[in-house]
Amino acid sequence: MKTDIILAGVGGQGILSIAATIGMSALHNNLHLKQAEVHGMSQRGGAVQSNMRISDKPISSDLIPMGEADIILSVEPMESLRYLPYLKKGGWLVTNTTPFININNYPEIEEVLAEIKKQKNHISLDADSIAAEIGSKRSSNIVMLGAATPFFDISFESFEEGIRQIFARKGEDIINVNIQALRAGRDFTEKNR
Amino acid sequence: MQKLLLLGDEAIAQGALDGGISGIYAYPGTPSTEITEYVQASNFAKENNIHSDWSVNEKTAMEAGLGMSYAGKRAMVCMKHVGLNVAADAFINSSITGVNGGLIVVSADDPSMHSSQNEQDSRFYGNFAMIPMLEPVNQQEAYEMAYYGYELSEKYKLPVLLRITTRLAHSRAGVETLEQKPQNDISLPSNLTQFVLLPSIARKQYKILLSNQASIEAASEESIFNKYIDGSDKKLGIITTGIAYNYLMENFQDKELKHPVLKIGQYPIPRKQVNKMLKECDKVLVIEEGYPVVEEMLKGYQEAGTPIIGRLDGTLPRDGELNPNLVANALGFETVLDGTIPELVKNRPPSMCVGCGHIDAYNALNEALIPYGVGRVFSDIGCYTLGALPPYNAVNSCVDMGASITMAKGAADAGMIGVVAVIGDSTFTHSGITGLIDCVSENTPVTIIISDNFTTGMTGGQDSKALGKIEDICEGVGVHPDHIRVFKPLKKNMEEMVQIMKEELEYNGVSVIIPRRQCVQTMKNKKLAEQLINLNLK
């Protein structure tokens, strides 16, 4: 089994916490893992991505070849479209619908969402609202991860275990609210895929 | 032995810790910063008194590392590729002095310039210095090379250059560690004159370096990091260096690779293995991240007249980072793409953070400069370089660390008026002070803005050596106290800021203006908060 994921967002939106959770979950399953990140200048409000590769066999390249990603997981709608050339035929686009507008020529959000809907395999959700509903606005990233979990060859329990380890130092309450966020994301996908 | 999930940078740090270092010296620079940060965060390093404080710049780091080596202990020095330019004087000469304790210099190159001013290839420096060089294929090798590099360095009494690129530096993978080695005891160099590079001694030392070349090349022939993998299809031979091997193998996940492959990880390049490939194959493709260093060398190695293809003939792009698709093209494989980027997707360049003090300083500067006109602001390397982009369009240069003050001086010497330099606090102590002394000694009419946010911001908020010292430094080198002006860059202070800037722009001599406000990214840093209270800066 092999899952290649492009994580997308804007610098400062915290896609690395998603990456860390997936990484923990993969390690929990004794899988091979490579995860390339963006640090430095581009982090300051620019478009950022992380290439995450998980496999039961050793992995060669740190970068995912174009046309081979199984999942694009984006915490920002316009950013989800930037990496379409990487998505393989039949791959899934999973994206948050809340825009992060820090440029003055950001397109109309309706047009962005319409472009996303053109993708045959897409899941788009308002992760910020879902996170607010469960009382933890900061967990919208984990809602997004939850929404992508059905497309991994990793059990949902492993993701829950990943959350427990990543948030271990922050206490039981934070762990629970994030597991709740993870489940809310998964439930959305199960109902809407 | 344990298995850890580490960035390439972190793997190097762990390899150095397990390899028995007594200290690490560095100035922050993407993509090398996380090596030193890993040691700073390590309990093992704390318990064992391993030095890890930041240095003021790469040159002082290199020299301190060499000093620790002189004292018999193992040291690591880390920097980004352009940092090696700053450290070059000490670096090149360290190959002439040789070392006592093992010394590894890590230089992290940034092909495609993700966060840099150029994409120079540090391997030129390794060749220039004539020392052994290591270039890992993955995080595991990055760990092992740092670990093994100390033996190599002590065996040949030479510094070793460990070269990585962005992609490995900032990619995470599992790493298995080796047995922890103890630190060296203090010992003097066996030859107490070898570090005295007076011409008469330097000439002897240089001959020693030259006579060492055959043995370090022999070490490359034997190295576990160089591998000749034979193949039946000799129409094409393939040479890879470092992570380029991964991009090659990525293209053979579901098909057999029949060509001979030489995977290079240790330099000087293994001449015998290279010649074997040149002799046996009809054509040789060189895949390397960075400049065509090996490709150019091979052209000089020619005995067989074998065509060599790679970055020089356009088989691979001459510039930029490699990836699996570029290597697929070079091998003649087709890539079929399903999706394209919709037209409505707009570029999202990096920008200064909401609430950043640099923004207020630039707004004031732009207004104060209206009477003088545009095009007279020389800037430097840091977050404030982003002031070059709209809507600010506030600065006209970014060349190298410290160049703001000295370029402003040159322009003022040429007769330009209203000349301004903009530099950050950390860059000022890195390489700005010497330029300021030049200005003071001639009383050059320049206005120097030291935008002080108490940190090295661009690389993620590391310590600034300038903290609490800027006015003292400026006064100490001779700036008149009346022309050292400090204010807090906030929208509500705009009038005051513009007024101060106008006054200093009119002054016919050296002025230093210090807009001073904490970087918004460091608000959660408790250690810094305490320091600011103690220094009365909060």
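Residues numbered from 1 in each chain as written. Chains lettered and ligands numbered in written order. Predicted model: local features only at pLDDT ≥ 70, side-chain atom pairs only at ≥ 80, totals over all residues. Heavy atoms only, no water.

(A) The side chain of N226 of chain B, seen in detail. Relative to the helices and strands, N226 of chain B is located in the loop between α10 (213-222) and β8 (227-229). Residue contacts for N226 of chain B: discarding those within four places in its chain leaves S220, K263, I264, G265, Q266, P270 and Q273 of chain B. (Helix = DSSP H or I, 4+ residues; strand = E, 2+ residues; numbered from the N terminus. Contact = heavy atoms within 4.5 Å.)

(B) Structural context of the nonpolar core. Residue and element names in this part refer to chain B. Core analysis: the biggest nonpolar cluster contains 101 residues, and I12, M76, F91, L248, V284, I287 and L298 have the highest contact counts within it. Element by element, the count of residues in this core is highest for helix α7 (residues 139-156), at 8 residues. Both of domain 1 (3-211) and domain 2 (227-330) provide at least three residues apiece to this core. Not counting residues up to four positions away in its chain, the partners in contact with L248 are I238, T240, L257, V261, I287, V327 and L331. In terms of nonpolar packing, the next biggest core, distinct from the first, is built from 50 residues, V377, F378, Y384 and I449 among them. (Core = buried A, V, L, I, M, F, W, Y, C linked by side-chain atoms within 4.5 Å. Buried < 20%, exposed > 50% of the residue type's maximum accessible area, 1.4 Å probe, protein only. Domains from an automatic or database assignment.)

(C) How the structure looks around the domain arrangement of chain B. Residue and element names in this part refer to chain B. Each assigned domain of chain B is listed with its residue range as follows: domain 1 (3-211), domain 2 (227-330) and domain 3 (357-534). Computed over C-alpha atoms, the centres of domain 1 and domain 3 are 32 Å apart. The interface is formed by 13 residues belonging to domain 1 together with 14 residues belonging to domain 3. Both sides of the domain 1 and domain 3 interface together cover about 1000 Å² of buried area, and 57% of this is carbon and sulfur. If you sort the residues of domain 1 by the area they bury against domain 3, Y27, W54 and Q117 come out on top, with a joint share of 46%. Here domain 1 is connected to domain 3 by 0 salt bridges. Summed over the shared surface of domain 1 and domain 3, the result is 5 residue pairs in polar contact (both at pLDDT 80 or more). For the side of domain 1 that touches domain 3, the residue count by class is 5 nonpolar, 6 polar and 2 charged. (Buried area = accessible area lost by both parts, 1.4 Å probe. Salt bridge = Lys/Arg side-chain N within 4 Å of Asp/Glu carboxyl O. Polar contact = N/O pair within 3.5 Å; in protein donor to acceptor, adjacent residues only side chain to side chain. Nonpolar A, V, L, I, M, F, W, Y, C, P; charged D, E, K, R; others polar.)

(D) Here's a closer look at the packing of α10 of chain B against helix α12 (residues 271-280) of chain B. All names here are of chain B. Interaxial distance between α10 and α12 falls to 8 Å at its minimum, and their mutual angle equals 60°. In terms of orientation, α10 and α12 fall into the oblique class. Residues E217, S220 and E221 of α10 form the contact with α12, whose participating residues are R271, K272 and Q273. (Axes fitted to C-alpha atoms, helices over the stretch in contact; angles between N-to-C directions. Parallel < 35°, antiparallel > 145°, perpendicular 65-115°, else oblique.)

(E) Just a positive patch on the surface, in detail. Residues R138, R169 and K170 of chain A together with K524 of chain B make up a contiguous surface patch of positive charge. Turning to its location among the elements, K524 of chain B is positioned in the loop between β18 (510-515) and α20 (526-534). (Patch = residues over 30% accessible without salt bridge, like charges linked within 9 Å, V, L, I, M, F, W, Y side chains within 5 Å. Areas by Shrake-Rupley, 256 points an atom, 1.4 Å probe, with all protein chains shown as cover. Lys, Arg positive; Asp, Glu negative; His and termini not counted. Charge placed at Lys NZ, Arg CZ, Asp CG, Glu CD.)

(F) Structural context of α10 of chain B. Buried within α10 of chain B we find Q213, I216, E217, A219, S220 and E221 of chain B. Looking at the packing, one finds that the buried side of α10 of chain B touches α7, α9 (199-211), β11 (266-267) and α12 of chain B.

(G) Quick look at the packing of aromatic side chains. Enumeration over the complete set of coordinates arrives at 8 aromatic pairs over all chains. With 5.1 Å between their ring centres and 75° between their planes, F152 of chain A and F159 of chain A make a pair best called edge-to-face. Note on F159 of chain A: relative accessible area 0%, which makes it buried. Arranged with centres 6.3 Å apart and planes meeting at 85°, the rings of F91 of chain B and Y125 of chain B form a pair that is edge-to-face. With a gap of 34 residues between them, F91 of chain B in helix α5 (residues 81-97) and Y125 of chain B in helix α6 (residues 123-129) connect regions that are remote in the sequence. Over the ring of Y147 of chain B we find K181 of chain B; its NZ or CZ atom is 4.2 Å from the centre of that ring. The ring of F333 of chain B is capped by K255 of chain B, whose NZ or CZ atom sits 4.4 Å from the centre of that ring. (Phe/Tyr/Trp six-rings, centres within 6.5 Å; stacked < 30°, edge-to-face > 60°. Lys NZ or Arg CZ within 6 Å of the ring centre and 35° of its normal.)

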